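Tertiary structure, described
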Amino acid sequence: MLSLRSETPVAWVGSVLPVLDEVLVDHAHCEKKAASTALGLLFRYADHEVVLRPLSELAREELRHFESLLDILEARGIRFERQIPSRYAGRLHEAVRRGPHHLLDTLIVCALIEARSCERMKLLAENLEDAELAGFYADLLASEARHFSTYLHLAEHFEPREVVQARLAELAAHEAEVLATGPQEPRLHGPFTS
């Protein structure tokens, strides 16, 4: 359903448990960045009416997730602070073509980031012993999957479905390679660790 080319092993949850505070801060940064990305696309492509409402709604939802994470951090005594950003999204965007295919590729990359987020959050929801955090991640699953679909549906407004699906397959292979070869980072989108 999520078009990912690789699967995060359940062992990933165990690998992030010792650095869960840092992963939660990273997740907050991810939600803030996701809102910023949606707003950036909304402004850049404001002449495409079809993107306006979906991206506005998506940005608002991402900001609500960010605020929820700020609440969680505060309740747990974890300070929200700057981090060295994960290289994951930047490396994905390296495959975005310039010119007439830029919007298509950007929308697909955004979809893949949402798909990986959904996959990782599902693992956290199903495997964390912390019931509060597990419930929080379970509550996010539907919106993350919807964001994945939103970006793909927007892409299909600009290119035929078969073109979108072909490019999705190419970029999904790139995404799997990025995770397989990335540096070891305690991040929501960090590489698989053993």
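Whatever comes next refers back to the structure up there.
Residues numbered from 1 in each chain as written. Predicted model: local features only at pLDDT ≥ 70, side-chain atom pairs only at ≥ 80, totals over all residues. Heavy atoms only, no water.

1. Examining the overall build of the protein
Regarding its fold elements, the protein presents 7 helices and 0 strands. Since a compact globule built from 194 residues should have a radius of gyration of about 16 Å, the 16 Å found for the protein is in line with a globular shape. Principal-axis analysis of the C-alpha atoms gives the protein an extent of 45 × 30 × 30 Å. In the protein, which comprises 194 residues, the proportion classed as buried is 48%. If the 21 positive side-chain charges of the protein are averaged to one point and the 31 negative ones to another, these points end up 5 Å apart. (Helix = DSSP H or I, 4+ residues; strand = E, 2+ residues; numbered from the N terminus. Rg over C-alpha atoms; globule rule 2.2 N^0.38 Å. Buried < 20%, exposed > 50% of the residue type's maximum accessible area, 1.4 Å probe, protein only. Lys, Arg positive; Asp, Glu negative; His and termini not counted. Charge placed at Lys NZ, Arg CZ, Asp CG, Glu CD.)

2. As for the nonpolar core
Ile108, Tyr137 and Tyr151 are the most contacted members of the largest nonpolar core, which has 60 residues in total. The set of elements that each furnish at least two residues to this core consists of α1 (11-16), α2 (20-44), α3 (49-75), α4 (88-93), α5 (102-127), α6 (131-155) and α7 (161-181). Looking at this core, the element that brings in the most residues is α5, giving 15 residues. Beyond its immediate stretch of four places on either side in the chain, isoleucine 108 contacts Leu152, Ala155, Val164, Arg167, Leu168 and Leu171. (Core = buried A, V, L, I, M, F, W, Y, C linked by side-chain atoms within 4.5 Å. Contact = heavy atoms within 4.5 Å.)

3. Notes on the packing of α2 against α6
To describe two helices that pack against each other, one gives the angle between their axes and the distance between the axes. Where α2 contacts α6, the two axes come as close as 14 Å, and the packing angle between them is 25 degrees. In terms of orientation, α2 lies roughly parallel with respect to α6. For α2 against α6, the interelement crossing comes out left-handed. Residue-level inspection shows Leu20, Leu24, His27, Glu31, Ala38 and Leu41 of α2 in contact with α6, the latter providing Leu133, Phe136, Tyr137, Leu140, Glu144 and Tyr151. For the contact of α2 with α6, a count of residues per class yields 9 nonpolar, 1 polar and 2 charged. (Axes fitted to C-alpha atoms, helices over the stretch in contact; angles between N-to-C directions. Parallel < 35°, antiparallel > 145°, perpendicular 65-115°, else oblique. Left-handed = near helix turned anticlockwise from the far one by under 90°. Nonpolar A, V, L, I, M, F, W, Y, C, P; charged D, E, K, R; others polar.)

4. What to know about empty space enclosed by the protein
By the definition in use, this model includes 1 cavity of 30 Å³ or more. A volume near 60 Å³ is recorded for the largest cavity. Surrounding the largest cavity, Ser86, Arg87, Tyr88, Arg91, Val178, Leu179, Gly182, Pro183, Glu185, His189, Gly190 and Pro191 form its lining. Secondary-structure elements contributing two or more residues to the lining of the largest cavity are α4 and α7. (1 Å grid on protein atoms, 1.4 Å probe; cavity = no way out; pocket = protein on both sides within 12 Å on 5 of 7 lines; lining within 4 Å. Points joined across faces, edges and corners; volume = space filled by probe spheres on them.)

5. Concerning the packing of α3 against α6
Where α3 contacts α6, the axes come no closer than 11 Å and their chain directions differ by 160 degrees. Accordingly, the angle class assigned to the pair α3 and α6 is roughly antiparallel. As for how α3 packs across α6, the hand of that crossing is left-handed. Across the interface between the two elements, Val50, Val51, Pro54, Leu55, Leu58, Glu61, Glu62, His65, Ser68, Leu69 and Ile72 from α3 touch Leu133, Phe136, Leu140, Ser143, Glu144, Arg146, His147, Thr150, Tyr151 and Leu154 from α6. When grouped by side-chain class, the residues that make up the contact of α3 with α6 number 12 nonpolar, 5 polar and 4 charged.

6. Notes on the pattern of salt bridges
Applying the stated criterion across every chain, the model contains 14 salt bridges. The shortest N-O distance in the salt bridge between lysine 122 and glutamate 126 comes to 2.6 Å. Residue lysine 122 and its partner glutamate 126 are both found in helix α5; the two are separated by 4 residues, about one turn of the helix. The exposure class of lysine 122 is partly exposed, given its relative accessible area of 40%. For glutamate 126, a relative accessible area of 51% translates into the label exposed. For glutamate 170, the salt bridge goes to arginine 167, with nearest N and O atoms at 2.7 Å. Separated by 3 residues within a single helix, glutamate 170 and arginine 167 lie in helix α7, roughly one turn from each other. Looking at arginine 167, the relative accessible area reads 13%, which means it is buried. (Salt bridge = Lys/Arg side-chain N within 4 Å of Asp/Glu carboxyl O.)

7. Side note on the environment of glycine 90
Locating glycine 90 in the fold gives a position in helix α4. Put simply, glycine 90 and leucine 63 are 27 residues apart on the chain and 21 Å apart in space, counted from C-alpha to C-alpha.

8. Notes on α5
Spanning 26 residues, α5 covers 38 Å between terminal C-alpha atoms, matching the ideal 38 Å at 1.5 Å per step. Burial runs high along α5: 23 of the 26 residues are buried. (Expected span 1.5 Å × (residues − 1).)

The analysis is restricted to geometry; functional conclusions fall outside its scope.
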